[in-house]
Amino acid sequence: MNAMRMFRAHPVRAFLVAGAVAILGACASLGMAKFQEPDIQLQGVQVRSLGLLGGSVDLYVDVNNPNNFDVRGTRLQLGLDVESTHFGDVDFNDAFNLPKGQTVTVVVPLSFVWAGVGEAARSALNYGTVKYTLKGTASMQTPFGTSLVPFTRSGTVAVNGNRPAPTPSH
């Protein structure tokens, strides 16, 4: 039986075959659009306040979305070490949008106490740059569901009024 005769003789079967082909095509295109983890970098630290017991800083965190679809960040959990001393932890729950192929700067407030920071980290705030390690997990809402993105970054970062210019989007 040729295809045309089958479609005339069994219209329901033809409809089911056409639907299955459409579903398979959609699944194949989703498979090619696999989620790529965003790149997360610390770009600057702005001291907001210092007191006798501690203080607060703003972390300027660049999040780059390499995907060809938008992603929504729903949570950043991170710890910051400065000059090899643990400086503080933050659980940031403000949602942020990541347009496809772009970088967004997220300002993350972090409070700390001097007792746990140590002299090296304390004096590091007086310099223009500090050595750091940033480690944590980012929660990302994608078209495929929620994805947890672990990250660890180390380097040197500007402190205080030395906030870097925004990173150009790719």
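Figured I'd write up the structure that's included with this text. (Residues numbered from 1 in each chain as written. Predicted model: local features only at pLDDT ≥ 70, side-chain atom pairs only at ≥ 80, totals over all residues. Heavy atoms only, no water.)

## Points about the overall build of the chain
Of the regular secondary structure elements, the chain holds four helices and eight strands. The N-to-C order of helical and strand elements in the chain reads α-α-β-β-β-β-β-β-α-α-β-β. Looking at the 170 residues of the chain, the share that counts as buried comes to 36%. Contacts in the chain between residues far apart in sequence, at least 24 positions, make up 67% of those at least 6 positions apart. Accessible surface, the chain: about 9,900 Å² in total, of which carbon and sulfur atoms supply 57%. (Helix = DSSP H or I, 4+ residues; strand = E, 2+ residues; numbered from the N terminus. Buried < 20%, exposed > 50% of the residue type's maximum accessible area, 1.4 Å probe, protein only. Contact = heavy atoms within 4.5 Å. Areas by Shrake-Rupley, 256 points an atom, 1.4 Å probe, with all protein chains shown as cover.)

## Here's the deal with the pattern of salt bridges
By the definition in use, this model includes three salt bridges. Here Asp-39 and Arg-153 are joined by a salt bridge, their closest N and O atoms 2.9 Å apart. With a gap of 114 residues between them, Asp-39 in strand S1 (residues 39–50) and Arg-153 in strand S8 (residues 145–158) connect regions that are remote in the sequence. When the shortest N-O distance is used, the salt bridge between Asp-58 and Arg-48 registers 3.1 Å. Placement of the pair is Asp-58 in strand S2 (residues 54–64) and Arg-48 in strand S1, with a sequence separation of ten residues. (Salt bridge = Lys/Arg side-chain N within 4 Å of Asp/Glu carboxyl O.)

## Focus on the pairing of S8
If a strand is regular, its side chains alternate between the two faces of the sheet. Bridge analysis of strand S7 (residues 129–142) against S8 gives 14 bridges, and the strand direction is antiparallel. Along S8, the bridge assignment pairs Tyr-132 with Gly-155. The antiparallel hairpin formed by S7 and S8 contains two residues in its connecting segment. (Pairing = 2+ DSSP bridges.)

## Considerations on the environment of Tyr-132
Along the chain, Tyr-132 falls in strand S7. Judged by its relative accessible area of 6%, Tyr-132 is buried. With 50 residues separating them in the primary sequence, Tyr-132 and Val-82 have C-alpha atoms 4.6 Å apart. Those residues in contact with Tyr-132 that lie beyond four places of it in its chain are Gln-41, Leu-42, Leu-80, Asp-81, Arg-153, Ser-154, Gly-155, Thr-156 and Val-157.

## Section: the pairing of strand S4 (residues 85–92)
When strand S3 (residues 71–82) meets S4, the two strands line up antiparallel, connected through seven bridges. In the sheet register, Leu-78 faces S4, and the bridge partner there is Val-90. The antiparallel pairing of S3 with S4 creates a hairpin that spans two residues between the two strands, and Glu-83 there sits at a positive phi of about 50°.

## As for the side chain of Asn-67
Mapped onto the elements, Asn-67 comes out in the loop between S2 and S3. Excluding its chain neighbours within four sequence positions, the residues that come into contact with Asn-67 are Lys-34, Phe-35, Gln-36, Lys-100 and Gly-101.

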